[in-house]
Amino acid sequence: MSLINKEISDFKVDAFQKKEGGQGEFVQYTKADLKGKWSVFFFYPADFTFVCPTELADLQDQYAEFQKLGCEIFGVSCDSHFVHKAWHESSELVGKLTYPMLADPTAKLARDFDVYIEEDGRSERGTFVVNPEGKIVSYEVSAGNVGRNAQELLRKVQALQFVAKHGDEVCPARWKPGEKTLKPSFDLVGKL
């Protein structure tokens, strides 16, 4: 069953977040914090692992661009916020992160987004874009041994925001802001 247009469930989770140039702190996030904003939920299997820190650091490198789009990034694993803090303080790559690291030790979020691996007690490598109405508009689940690309995720968010604003236009493959879009019509059928 597709998760497209599924409204995410209510939640309240603890998180660890280091503010830009500041100290880290424990904070809480709820579904209400997402209303009216674009969000990316970036599930990864576990703290203190191998592929995960490379992905999280790649996202941090693009974080300012996501923020310019009014899009918040949430790194999510089934670890506690205490473990997030410890990993943040012990890893050079993870220590750069300034976006929230959501703690999901009960797997409530992972189950809601359908990425929880029961027998392992952790989540799949899942990426979800949630629109300002709290609905999933894009998602991808990857094998645990393959890292994701933050630049491609940024491009997808840009395209999703464009089509949300311009409902009569669609974005072709590799579309980037400023490039030509398509207007589906009878006359376009078979012309591409």
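Okay, so let's go over this structure. No experiment lies behind these values; they were computed from the predicted model shown. (Residues numbered from 1 in each chain as written. Predicted model: local features only at pLDDT ≥ 70, side-chain atom pairs only at ≥ 80, totals over all residues. Heavy atoms only, no water.)

A few words on the overall build of the chain. Along the backbone of the chain there are 4 helices and 9 strands. Its helices and strands in sequence order give the chain the pattern β-β-β-α-β-α-β-α-β-β-β-β-α, from N to C terminus. What you see for the chain is a C-alpha radius of gyration of 17 Å, in line with the 16 Å of a compact globule of 192 residues. The C-alpha extent of the chain, read off along each of the three principal axes, is 60 × 35 × 35 Å. Here the chain holds 192 residues, and the buried ones make up 46% of them. Once local pairs closer than 6 in sequence are excluded, the contacts in the chain between residues at least 24 apart make up 64%. (Helix = DSSP H or I, 4+ residues; strand = E, 2+ residues; numbered from the N terminus. Rg over C-alpha atoms; globule rule 2.2 N^0.38 Å. Buried < 20%, exposed > 50% of the residue type's maximum accessible area, 1.4 Å probe, protein only. Contact = heavy atoms within 4.5 Å.)

Quick look at the pairing of strand β9 (residues 136–142) now. In this structure, strand β8 (residues 125–130) lies alongside β9, joined through 6 bridges in antiparallel fashion. If you follow phenylalanine 128 over to β9, its bridge partner there is tyrosine 139. If you look at the hairpin formed by β8 and β9, you'll find 5 residues sitting between the two strands, and glycine 134 has a positive phi there, around 85 degrees. (Pairing = 2+ DSSP bridges.)

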